[in-house]
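Descriptive structure summary
One letter stands for each residue in the lines below.
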Amino acid sequence: QVQLVESGGGLVQAGESLRLSCAASGRIFSTYPMAWFRQAPGKEREFVAAITRNGGYTNYADSVKGRFTISRDNAENTVYLQMNALKPEDTAVYYCASTGSPYGGGSLSSSYAYWGQGTQVTVSS
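No experiment lies behind these values; they were computed from the predicted model shown.

**Topic: unusual backbone geometry**
With phi around 50°, Asn77 is a residue other than glycine that occupies positive phi space. Structurally, the position occupied by Asn77 is in the loop between strand 7 (68–73) and strand 8 (78–83). According to the relative accessible area criterion, Asn77 is buried, its value standing at 18%. In this structure, Ala85 takes a positive phi of about 50° despite not being glycine.

So this is what it looks like as structure tokens:
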């Protein structure tokens, strides 16, 4: 079982930055690929960023590439999402996700077995 708790959301103005954190339980967090997804009101959940077990490979949605950075600290069982140059269209509930196994990952939500409760990010224009 993996439990995920997100934090760091809030209300910011366009152009500002936020860093989201996702604290994970479990002794073998370091073996699980992780990702961030988001869901805006009235829209489907969409992929934002993913990171491999050791952090050696990351991938991003085109809409956030160059502005967002995913990283992880396996010693702290935490994954981060640094969000710069925020835009109003980034407004959404942000969720972190874990595969819960050494395999899978990537941009498909079906690859992830465990999800946090979400943290709200609101960007005003």
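Picking up after the structure, the text goes on.
**Brief notes about the state of the cysteines**
Under the counting rule described, the total for this entry stands at one disulfide. Paired through a disulfide, Cys22 and Cys96 show a sulfur-sulfur distance of 1.9 Å. Judged by the sign of its S-S torsion, about 45°, the cystine formed by Cys22 and Cys96 is right-handed. A residue pair is termed long-range when its members are at least 10 positions apart, and Cys22 in strand 3 (residues 18–24) and Cys96 in strand 9 (residues 92–98) qualify at 74 residues.

**Quick look at the packing of aromatic side chains**
For the coordinates displayed, the defined rule picks out four aromatic pairs. Both rings, one in Phe37 and one in Tyr112, keep their centres 5.6 Å apart while their planes meet at 70°; by these two values the pair is edge-to-face. Within this pair, whereas Phe37 is found in strand 4 (residues 34–39), its partner Tyr112 is found in the loop between strand 9 and strand 10 (114–115), the two being separated by 75 residues in sequence. We classify Phe37 as buried; its relative accessible area is 2%. Assessed through its relative accessible area of 5%, Tyr112 is described here as buried. Both rings, one in Tyr112 and one in Trp115, keep their centres 6.4 Å apart while their planes meet at 70°; by these two values the pair is edge-to-face. A connected cluster of aromatic rings, assembled from ring pairs, spans Phe37, Phe47, Tyr112 and Trp115. Directly above the ring of Tyr95 sits Arg45, whose terminal nitrogen or CZ lies 4.0 Å from the centroid.

About the cut-offs
Residues numbered from 1 in each chain as written. Predicted model: local features only at pLDDT ≥ 70, side-chain atom pairs only at ≥ 80, totals over all residues. Heavy atoms only, no water. Helix = DSSP H or I, 4+ residues; strand = E, 2+ residues; numbered from the N terminus. Buried < 20%, exposed > 50% of the residue type's maximum accessible area, 1.4 Å probe, protein only. Disulfide = S-S within 2.5 Å. Phe/Tyr/Trp six-rings, centres within 6.5 Å; stacked < 30°, edge-to-face > 60°. Lys NZ or Arg CZ within 6 Å of the ring centre and 35° of its normal.

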